[in-house]
Amino acid sequence: MTTAPSTPATAAASADGTEEVRVRFCPSPTGTPHIGMVRTALYNWAHARHFGGTLVFRIEDTDAARDSEESYHQLLDAMRWLGIDWDEGVEVGGPDGPYRQSERGEIYADVIERLKVAGHIYESYVTAEETKERHLAAGRDPQLGYDNSDRDLSEEQKAAYRAAGREPVWRLRMPDEDITFTDVVRGDITFKAGSTPDFVVVRANGKPLYTLVNPVDDALMRITHVLRGEDLLSSTPRQVALYHALIDIGLAERVPVFGHLPYVLGEGNKKLSKRDPESNLFHYRDDGFLPEGMVNYIALLGWGYSADQDVFTREQLVERFDAADVNPNPAHVDRKKATAINADHMRMLAPEDFTERLVPVLQRAGIVLDPITAREHALLVAATPLVQPRMNLLSEAPDMLRFLFVEDAELAVAEDALKKLGDDPVAVLDRAVTEVEAVDATEFAAAELERRLREAIVEDMGIKPRLAFGPLRSAVSGRRISPPLFESMELLGKESSLARLRALRERLAAS
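In this text, all values refer to a predicted model and were calculated from it rather than measured experimentally.

For Arg228, the location among the structural elements is in strand 9 (residues 225-229). Asp218 provides the closest opposite charge to the buried, salt-bridge-free Arg228, at an N-O distance of 6.7 Å. Of the polar contacts made by the side chain of Arg228, one reaches the backbone oxygen of Leu232; its length is 3.2 Å. Discounting chain neighbours no more than four positions away, the residues touching Arg228 are Thr40, Ser235, Thr236, Gln239, Phe258, Gly259, His260 and Leu261.

Structure, rendered in structure tokens:
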């Protein structure tokens with residue numbers, strides 16, 4: 001079993017002799033990964049990669065009532081989907097394991113004993129009710145909390161409490177001077193002496209609290225930068241004080257650099273809650289966002305690549321990111337902006353990569369087989385250049401491409417595709433059938449189809465171009481908005497194109 005080291009944890013050095021940047025991502029497995037949590041992971045990863053450092057991924061799973069293995073595996077899934085890899089931690093190991101708090105009990109027990117011996121933590125027996133009554137008696141706000149009343153209990157007082165059946169908690173003795181630190185995001189921050197009371201680090205049952213184990217793990221894992229949410233800023237003086245205690249007992253060498261990341265706000269400028277649908281990372285994935293698009297968008301929730309560029313690659317993010325450049329002001333979730341950024345990343349994919357990403361989406365929709373057949377794959381490859389410039393999300397693929405893979409008789413024409421078809425769509429379809437029938441099978445290509453149909457419908461029939469091909473589009477694809485018409489007809493072939501034109505012509509004529 002791993003135990004706490006007896007010598008100070010020293011900062012690692014990089015190849016050029018400078019101090020290695022070591023950051024950590026340490027979530028609790030208590031729910032579905034949300035945008036704020038994932039941004040913390042991304043910023044830590046980007047900071048480590050930019051400086052050639054190390055990302056440690058550990059799990060804070062000491063809350064048995066709330067933690068779950070399902071949530072743990074969702075965290076792994078989220079990190080892997082986004083391409084946020086880690087150097088040490090769960091699943092990959094490392095020199096400072098175990099990397100789950102639930103497996104580090106002996107380490108914490110050893111640290112607790114050393115803090116007791118050094119006098120940094122002390123027994124406290126007072127109850128919350130007694131503290132409240134004491135505040136009321138003194139005319140103070142009863143909600144002020146613990147008043148450090150047990151700091152200097154005599155052995156006789158402790159014995160009396162024990163005789164009464166009370167079990168003590170253990171509190172860290174906070175310093176009597178101001179606590180000042182430089183936040184890499186927010187600058188110099190000072191907490192006045194006395195503003196943070198002595199706080200509990202060990203429960204009455206002897207089990208350590210998060211307030212102890214988090215800094216202990218950071219110290220033992222030689223973390224140099226703690227990048228975390230703004231909501232944890234108020235607890236930082238506690239961490240700083242505990243770090244000084246850990247330095248004193250030889251467990252740590254120095255206090256890490258803190259950086260508190262801004263809130264992420266949703267609608268109405270409210271802090272984005274875990275329960276908000278727009279905060280759930282997997283909702284974005286299910287809606288067809290690319291991991292590249294999500295990484296780009298999440299990175300912008302508090303940081304900017306440049307004044308005139310919002311779209312960038314993962315490599316560009318690493319090249320440019322420094323936590324010191326994070327904006328301390330709140331960031332706002334903007335689904336429209338996220339979608340626009342994702343659309344740009346769709347265009348940036350190599351066509352063959354784009355095609356392969358469409359396959360599982362179409363398989364889940366039951367449009368192509370699993371495994372996909374050679375014929376289906378060839379058709380999808382041919383369709384890629386038609387749809388890639390027009391799609392914002394992968395989830396648009398089934399509606400946009402279904403018409404290419406269904407039998408002619410099974411094509412369903414959407415209701416909105418039957419509206420605004422012009423004054424005489426039957427006549428247009430009649431003429432289209434005549435022209436398509438006249439095209440030789442060897443010449444059945446988009447350019448020839450467009451030439452013939454424009455000449456026949458736009459020039460001969462005198463129908464405006466924006467109205468001329470609506471009936472044909474609806475007949476061929478079943479949709480009002482579809483991939484380019486003539487290229488779609490070429491992919492379908494002459495027989496299917498004619499069958500679909502005739503089917504809609506008969507339906508409209510009969511109505």
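In this chain, Gly97 is followed by Pro98 through a cis amide linkage whose omega measures 0°. The topology assignment puts Pro98 in the loop between strand 3 (88-89) and helix 3 (105-118). Look at the link from Asp370 to Pro371: it is a cis peptide, with omega at 5°. Looking at the secondary structure, you find Pro371 in the loop between helix 12 (351-364) and helix 13 (374-387).

Quick look at the nonpolar core now. Across soluble globular proteins, nonpolar side chains have a tendency to be buried as a group. Membership of the largest hydrophobic core comes to 91 residues, with the highest contact counts inside it found for Phe57, Leu115, Leu172, Leu246, Leu281, Met294 and Leu317. Residue contributions to this core peak at 9 residues, all from helix 1 (residues 35-50). Within the second largest apolar cluster, 53 residues are counted, among which are Leu290, Leu358, Leu386 and Ala468.

Further remarks concern the pattern of salt bridges. Per the stated rule, a full pass over the model turns up 43 salt bridges. Here Asp217 makes a salt bridge to Arg58, at a shortest N to O gap of 3.8 Å. With Asp217 in helix 6 (residues 210-220) and Arg58 in the loop between strand 2 (54-57) and helix 2 (69-82), the pair connects residues that are 159 residues apart, well separated along the chain. When its relative accessible area of 1% is taken as the criterion, Arg58 is described as buried. Note that Arg100 and Glu69 form a salt bridge whose closest N and O atoms lie 2.6 Å from each other. On the criterion of sequence distance, the pair formed by Arg100 in the loop between strand 3 and helix 3 and Glu69 in helix 2 is long-range, its members being 31 residues apart. The structure contains a network of salt bridges with shared partners spanning Arg431, Glu435, Glu448, Arg451, Arg452, Glu455 and Asp460.

Attention now goes to the packing of aromatic side chains. Going through the model one piece at a time under the given rule, you end up with 12 aromatic pairs. Relative to Tyr305, the ring of Trp303 lies with its centre 6.3 Å away and its plane at 80°, an arrangement referred to as edge-to-face. Judged by its relative accessible area of 5%, Trp303 falls in the buried class. Judged by centre distance (5.7 Å) and plane angle (90°), the ring pair of Trp303 and Phe312 falls under edge-to-face. Each member of the pair, Trp303 as well as Phe312, carries the same accessibility label: buried. Put simply, the rings of Tyr43, Trp303, Tyr305, Phe312 and Phe321 touch in pairs and so form one group of aromatic residues. Geometry around Tyr72 places Arg100 over its ring, the cationic atom sitting 4.2 Å from the centre. A cation over a ring is seen here: Arg320 above Tyr305, with NZ or CZ 4.0 Å from the ring centre.

What describes two packed helices is the angle between their axes and the distance between those same axes. At their nearest, the axes of helix 15 (residues 425-438) and helix 18 (residues 470-477) sit 9 Å apart, and the two run at 70° to each other. By the criterion of interaxial angle, the relationship of helix 15 to helix 18 is roughly perpendicular. Judged by residue contacts, Pro425, Val428, Leu429 and Ala432 of helix 15 engage Pro471, Leu472 and Ala475 from helix 18. Looking at the contact of helix 15 with helix 18 residue by residue, the class counts come to 7 nonpolar, no polar and no charged.

This part is about the pairing of strand 7 (residues 187-191). Across 5 bridges, strand 6 (residues 179-183) lies against strand 7 in antiparallel orientation. Residue pairing for strand 7: Ile179 is matched across the bridge by Phe191. In textbook terms, the turn of a hairpin is the stretch between consecutive antiparallel strands, and for strand 6 and strand 7 this stretch comprises 3 residues.

What counts as what
Residues numbered from 1 in each chain as written. Predicted model: local features only at pLDDT ≥ 70, side-chain atom pairs only at ≥ 80, totals over all residues. Heavy atoms only, no water. Helix = DSSP H or I, 4+ residues; strand = E, 2+ residues; numbered from the N terminus. Buried < 20%, exposed > 50% of the residue type's maximum accessible area, 1.4 Å probe, protein only. Lys, Arg positive; Asp, Glu negative; His and termini not counted. Salt bridge = Lys/Arg side-chain N within 4 Å of Asp/Glu carboxyl O. Polar contact = N/O pair within 3.5 Å; in protein donor to acceptor, adjacent residues only side chain to side chain. Contact = heavy atoms within 4.5 Å. Core = buried A, V, L, I, M, F, W, Y, C linked by side-chain atoms within 4.5 Å. Phe/Tyr/Trp six-rings, centres within 6.5 Å; stacked < 30°, edge-to-face > 60°. Lys NZ or Arg CZ within 6 Å of the ring centre and 35° of its normal. Axes fitted to C-alpha atoms, helices over the stretch in contact; angles between N-to-C directions. Parallel < 35°, antiparallel > 145°, perpendicular 65-115°, else oblique. Nonpolar A, V, L, I, M, F, W, Y, C, P; charged D, E, K, R; others polar. Pairing = 2+ DSSP bridges.

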